[in-house]
Amino acid sequence: MKKTVLAVVATIVTVLIVGIVGVLSLNYDLTSNPHVKITSFNTTGTSSSSTIDVVNVWFVLNLTNTGAGDVDDLTVIFSANTTTENNQQLIYTNATPPYDQIAEFEIEKPCLLGDLRAGETKDFRFYWAVTADFNATTLTAALKSNEAILDQAVLTIPPLPNVKITNFICLGTWHGTALGAALDLFSLNYTNIGRTDVASLTITLNTSKTDEKDANATSDPQYNPNDFLDVYINGATYPLDDLKAGGTKTLEKTYFMFGAYKYVEPFALTATLKFNDTIIDQATIMVPISTAD
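Rules and cut-offs
Residues numbered from 1 in each chain as written. Predicted model: local features only at pLDDT ≥ 70, side-chain atom pairs only at ≥ 80, totals over all residues. Heavy atoms only, no water. Pairing = 2+ DSSP bridges. Helix = DSSP H or I, 4+ residues; strand = E, 2+ residues; numbered from the N terminus. Axes fitted to C-alpha atoms, helices over the stretch in contact; angles between N-to-C directions. pLDDT = per-residue confidence, 0-100. Contact = heavy atoms within 4.5 Å. Phe/Tyr/Trp six-rings, centres within 6.5 Å; stacked < 30°, edge-to-face > 60°. Buried < 20%, exposed > 50% of the residue type's maximum accessible area, 1.4 Å probe, protein only. Patch = residues over 30% accessible without salt bridge, like charges linked within 9 Å, V, L, I, M, F, W, Y side chains within 5 Å. Areas by Shrake-Rupley, 256 points an atom, 1.4 Å probe, with all protein chains shown as cover. Salt bridge = Lys/Arg side-chain N within 4 Å of Asp/Glu carboxyl O. Lys, Arg positive; Asp, Glu negative; His and termini not counted. Charge placed at Lys NZ, Arg CZ, Asp CG, Glu CD.

Some points on the sheet that holds strand β5 (residues 103-106)
The strand order across the open sheet built from five strands is β1-β2-β7-β4-β5, with neighbouring strands paired in antiparallel fashion. Two strands close off the open sheet at either side, each with one partner strand: β1 (36-48) and β5. Between one strand axis and the next, the sheet turns through 25 degrees on average, direction left out of account. Pairing of strand β2 (residues 54-65) with strand β7 (residues 121-131), which is carried by eleven bridges, proceeds in the antiparallel orientation. Residue Asn62 lies in a different strand from β7, and its bridge partner there is Asp123.

Take a look at the structure:
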């Protein structure tokens with residue numbers, strides 16, 4: 001009888017131990033094996049940098065915590081298939097507190113992303129400031145927690161155009177037409193020195209003339225702000241032809257006077273070359289022409 005009781009007690013103890021071990025194992029799995037996944041890793045295009053020769057390549061890393069527990073101190077490490085790019089810095093722009101500052105870090109160095117609560121999905125935005133002809137085609141993101149890799153993703157970076165303004169001159173040729181007097185104001189050459197064909201190029205013109213400089217002319221009954229050539233063309237944008245690798249094309253602009261531009265004075269004319277609204281080059285000339293007399 002005593003042996004039977006002891007056997008039952010031993011069985012109960014064994015069951016309890018197994019149950020406790022199972023609970024501990026379950027809790028350990030929940031806390032030590034975070035389930036954070038990279039749900040998307042995409043480029044969102046380019047933007048102009050503060051430096052003309054540099055373009056910002058933007059991308060978004062979307063993470064989702066599919067586990068039952070919060071995950072602390074997530075980090076990401078980026079690696080690229082290039083060693084020739086001079087600027088190896090990436091900029092992390094929208095961390096959450098206490099990491100809400102703009103953080104600059106190097107390729108192949110960890111960037112702290114902070115915490116991700118259970119069930120939470122969050123976007124993390126970065127940009128890479130690169131020269132227009134940089135040769136990286138892929139960027140790899142490795143997501144880590146406590147040095148353990150949770151997930152990886154690879155982003156393909158589209159080629160950036162390497163197009164330059166190679167000639168920009170004031171023509172200054174007055175001539176008459178059936179429509180009236182005309183001015184062949186400028187000639188601009190743009191050259192594709194990159195390795196791929198380029199489309200979606202534009203030229204935007206800006207002048208040194210401002211409305212404040214024209215204020216005294218408003219007393220003249222003939223004054224019309226649209227009759228000032230330098231004001232009229234300020235901010236004008238012109239689409240450019242597609243350009244094959246190694247090719248050069250020319251944009252020349254003629255403006256008809258209709259005898260109305262008598263207030264034009266010498267001014268600076270800046271041409272800004274853009275690719276999908278991203279500035280890739282600029283050039284400025286002086287227009288010495290005056291029709292004030």
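And the narrative resumes.
Things to note about the sheet that holds strand β13 (residues 237-239)
Read from one edge to the other, the open sheet built from four strands follows the order β13-β12-β15-β16, with strand pairing classed as antiparallel. Each edge of the open sheet is held by one strand with a lone partner, namely β13 and β16 (278-287). On average, adjacent strands in this sheet sit at an angle of 20 degrees to one another, irrespective of strand direction. Note: strand β12 (residues 201-207) against β13, three bridges, orientation antiparallel. Across the sheet, the residue bridging to Ile203 is Tyr238, located in β13.

Describing the confidence of the model for the chain
With 73% of its residues at a pLDDT of 70 or more, the chain has an overall mean of 78. Every residue in residues 23-31 scores below 50 in pLDDT, and together they form two contacts with partners more than four places removed in sequence or on other chains. Counting contacts from residues 212-223, a segment whose pLDDT is below 50, to residues more than four positions away or on other chains yields 13 contacts.

Side note on the packing of aromatic side chains
The tally for this structure, following the rule as stated, stands at eleven aromatic pairs. Geometrically, the ring pair formed by Phe78 and Phe126 is edge-to-face, given 5.0 Å between the ring centres and 75 degrees between the ring planes. One end of the pair, Phe78, is in strand β3 (residues 71-80); the other, Phe126, is in strand β7, and 48 residues separate them in sequence. For Phe126, a relative accessible area of 0% gives the class buried. Members of the aromatic cluster, each reached through a chain of ring pairs, are Phe41, Phe59, Phe78, Tyr92, Phe105, Phe124 and Phe126.

Looking at a negative patch on the surface
Residues Asp70, Asp72, Asp73 and Asp115 make up a contiguous surface patch of negative charge. As for its position among the elements, Asp72 is in strand β3. The class for Asp72 is partly exposed, based on a relative accessible area of 46%.

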